[in-house]
Amino acid sequence: MARMKLKKLVQETRRLCQPYCIIDGNRFRLKDVDPSDTHPLKPEDKEHAKETLAMGIEALAKLQDILYAQDSWAVLLIFQAMDAAGKDGAIKHVMSGINPQGCQVASFKAPSAEELDHDFLWRCQKSLPERGRIGIFNRSYYEEVLVVRVHPEFLAKQKLPPTLAGKKIWDHRFEDICAFERYLTRNGVAIRKFFLHVSQAEQKRRFLERLDTPEKNWKFSEADIAERQHWREYMVAYEEMIRATATPWAPWYVVPADHKWFTRAVVAGAVIDALASLDLEYPEVGKAKRAELAAARKALHASKDPPAR
Ligand code: ATP
Ligand code: MG
């Protein structure tokens, strides 16, 4: 992709995703984000958005190639959402053009006995991306201030000393998460966090679709229906989490998720923006290396291959 075309695409995608980017949580209110929003695009722009997404994916592949070659920055993308908000689909689409060698996805489910025997960041630290790579967390340590907050029985299982598991625990976790993300940023890990914000009505529609479509039956889980009963508690937990952990270096994108095509366009835009904001360059080839390449080229031209068999 030509540089000018890439520059224009970066500007366009930045405009699209900027309204959903939270870098200062103080004034954030979840009710200000409408899950069905598609601004500035309209439903009739859906096809155009899909074309732009395809171009965006090409741009992402180009930027990732440089990220990998430069081997200096790492990118960590964190996805959080209620069930059926489209996390898996967004990850699949946005990453579809990327070289699998430079990308790794980690999914975090309920912790194992071994994981419960450690501090809550332990299992996530083991899955952080190496330099030059894009790491995706499908759920993350943020579950520790979401599902664990909504269901106190999960906290009880963590075997924390009782003096450390009091009322202040959520504030302490927010503080520790912010410090951890600051630390990672200072070590060259660029962090972007996505909350795919689906409405309760759209979630219901998607659950019904899973029940009514044989190929989607496998996605249905009875436990997801039970979780719907805690919707309000989850929304309060999400809001407090974003208010406490949105920072300029590790922003939250609160992405409207009732229209999948729009969600994917915003996520792709934010990832492109993140990569474009790093000083990515192919490694410089020095004088000595250029001489080495010239000699190799000359030798290769002059060489006579022996018969293959
Ligand atoms: P999908 O349903 O699309 O396959 P998912 O991310 O919902 O993907 P599941 O296996 O259905 O995957 O759910 C994982 C569950 O693990 C979620 O309910 C989540 O809240 C829970 N979980 C993740 N981390 C923790 C944690 N630290 N403590 C307790 N539960 C957790
Ligand atoms: Mg699930």
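Now for a look at the structure at hand. In this text, all values refer to a predicted model and were calculated from it rather than measured experimentally.

1. A few points about the layout of surface pockets
Looking at the largest pocket, its volume works out to about 1400 Å³. As for the largest pocket, its lining consists of 48 residues, of which D83, K87, K109, R139 and D224 are closest to the centre. Contributing elements (two or more residues each) for the lining of the largest pocket: α3 (87-94), α6 (147-150), α9 (200-212), α10 (222-228), α11 (231-245) and α12 (260-276).

2. Digging into the pattern of salt bridges
The final tally for this structure, using the stated rule, is 16 salt bridges. Here E47 makes a salt bridge to K50, at a shortest N to O gap of 3.9 Å. Here E47 pairs with K50, and both are found in helix α2 (residues 46-70), just 3 residues apart, close to one helical turn.

3. Some points on the sheet that holds strand β2 (residues 74-81)
In space, the 6 strands of this open sheet follow the order β1-β6-β5-β2-β4-β3, with mixed pairing throughout. Since the sheet does not close on itself, it has two edges, and those belong to β1 (21-22) and β3 (103-107), each with one partner. Bridge analysis of strand β5 (residues 189-197) against strand β6 (residues 252-256) gives 5 bridges, and the strand direction is parallel. In the sheet register, H197 faces β6, and the bridge partner there is P256. In the packing of α12 onto the sheet, contacts are made with β2, β4 (134-138), β5 and β6, and the angle to β6 comes to roughly 155°.

4. Re the side chain of D224
Within the secondary structure, D224 is located in helix α10. If near-sequence neighbours (up to four positions away) are discounted, D224 is found in contact with D83, F207, R210 and K219.

5. Description of the packing of aromatic side chains
The relative placement of two aromatic rings is captured by the distance of their centres and the angle of their planes. By the definition in use, this model includes 10 aromatic pairs. Each ring, one from F194 and one from Y253, has its centre 5.4 Å from the other, and the planes form 20°; the classification is stacked. One end of the pair, F194, is in strand β5; the other, Y253, is in strand β6, with 59 residues separating them in the sequence. Both rings, one in F207 and one in F220, keep their centres 6.4 Å apart while their planes meet at 90°; by these two values the pair is edge-to-face. Note that F207 is positioned in helix α9 and F220 in the loop between α9 and α10, a separation of 13 residues in sequence. Its relative accessible area of 3% is what places F207 among the buried residues. Ring pairs connect the aromatic residues Y141, Y142, F180 and W252, which therefore count as one cluster. Between K126 and the ring centre of W122, over which it is positioned, the NZ or CZ distance is 3.8 Å. Across the ring face of W249, the terminal group of R182 is positioned such that the distance to the ring centre comes to 4.0 Å.

6. Some details on empty space enclosed by the protein
Following the criterion strictly, the structure yields 1 cavity of 30 Å³ or more and no others. Its volume calculated, the largest cavity comes out at about 40 Å³. In this structure, the largest cavity is lined by A85, G86, A90, K260, T263 and R264. In terms of residues, the lining of the largest cavity owes the most to one element, α12, which gives 3 residues.

7. Some thoughts on the site of ligand 1
Around ligand 1, the surrounding shell holds 14 residues, and the nearest of these are D83, K87, R139, E143 and E144. Between E144 and ligand 1, the recorded distance is 2.9 Å, taken from a side-chain N or O atom to a nitrogen atom. Within the complex, 74% of the 630 Å² of free accessible area of ligand 1 lies under protein. Spatially, ligand 1 is embedded in the largest pocket. Residue assignment for the shell around ligand 1 shows that the elements contributing at least two residues are α3 and α6. Here the shell around ligand 1 is composed, by residue class, of 6 nonpolar, no polar and 8 charged.

What counts and what doesn't
- Residues numbered from 1 in each chain as written.
- Chains lettered and ligands numbered in written order.
- Predicted model: local features only at pLDDT ≥ 70, side-chain atom pairs only at ≥ 80, totals over all residues.
- Heavy atoms only, no water.
- 1 Å grid on protein atoms, 1.4 Å probe; cavity = no way out; pocket = protein on both sides within 12 Å on 5 of 7 lines; lining within 4 Å.
- Points joined across faces, edges and corners; volume = space filled by probe spheres on them.
- Helix = DSSP H or I, 4+ residues; strand = E, 2+ residues; numbered from the N terminus.
- Salt bridge = Lys/Arg side-chain N within 4 Å of Asp/Glu carboxyl O.
- Pairing = 2+ DSSP bridges.
- Contact = heavy atoms within 4.5 Å.
- Axes fitted to C-alpha atoms, helices over the stretch in contact; angles between N-to-C directions.
- Phe/Tyr/Trp six-rings, centres within 6.5 Å; stacked < 30°, edge-to-face > 60°.
- Buried < 20%, exposed > 50% of the residue type's maximum accessible area, 1.4 Å probe, protein only.
- Lys NZ or Arg CZ within 6 Å of the ring centre and 35° of its normal.
- Near = heavy atom within 4 Å.
- Polar contact = N/O pair within 3.5 Å; in protein donor to acceptor, adjacent residues only side chain to side chain.
- Areas by Shrake-Rupley, 256 points an atom, 1.4 Å probe, with all protein chains shown as cover.
- Sits in = over half its atoms within 2 Å of the grid points.
- Nonpolar A, V, L, I, M, F, W, Y, C, P; charged D, E, K, R; others polar.

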